[in-house]
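Structural characterization, general
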Amino acid sequence: MNREVTLPLIVDDRGALQVAAADVSKLLRTVGGRWLHLVEAGEDGLDEDTVAALTIELAKLADRIDVACIAHSSGGAP
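Residues numbered from 1 in each chain as written. Predicted model: local features only at pLDDT ≥ 70, side-chain atom pairs only at ≥ 80, totals over all residues. Heavy atoms only, no water.

An unreviewed UniProt entry annotates the protein as Sigma54-dependent transcription regulator originating from Streptomyces griseomycini.

Quick look at the overall build of the protein
Looking only at helices and strands, the protein features two helices and zero strands. Burial statistics for the protein: of 78 residues in total, 15% are counted as buried. For the protein, long-range pairs separated by at least 24 residues make up 48% of all intrachain contacts whose partners lie at least 6 apart in sequence. In the form shown here, the protein has an accessible surface area of approximately 6,300 Å², with 59% of it arising from carbon and sulfur atoms. (Helix = DSSP H or I, 4+ residues; strand = E, 2+ residues; numbered from the N terminus. Buried < 20%, exposed > 50% of the residue type's maximum accessible area, 1.4 Å probe, protein only. Contact = heavy atoms within 4.5 Å. Areas by Shrake-Rupley, 256 points an atom, 1.4 Å probe, with all protein chains shown as cover.)

Overview of the side chain of Ser25
Position of Ser25 relative to the elements: it lies in helix 1 (residues 21-40). Among the polar contacts listed, one links the side chain of Ser25 to the backbone oxygen of Ala22, at a separation of 3.2 Å. If sequence neighbours within four positions are ignored, Ser25 has contacts with Ala62, Ile65 and Asp66. (Polar contact = N/O pair within 3.5 Å; in protein donor to acceptor, adjacent residues only side chain to side chain.)

Next comes the structure, spelled out in C-alpha cells:
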C-alpha cells in the first residue's frame, strides 16, 4: 500500500523557510534510532516488530525528503 505524505513548509511572511528539509529528515532518522535504542534497552511496552516497522517508514520518508531536495536543487523534477 502506497500512502503519500505531504509536509507543509513553514515559511515566514517573506517566503523564507523556517525549517530546513535536512533538519526534518535528520529528526525523522533520530526519532527512529531512539526508538530502536529503547527497544534494545528492554523498555517496557514497546513491541520490537512495530518499532522496527515504524523506524523503517520514518527512514523511507526521510529518504524521500532528501531525494526531493536533491532533485529540486539540481533543477530536476521531484
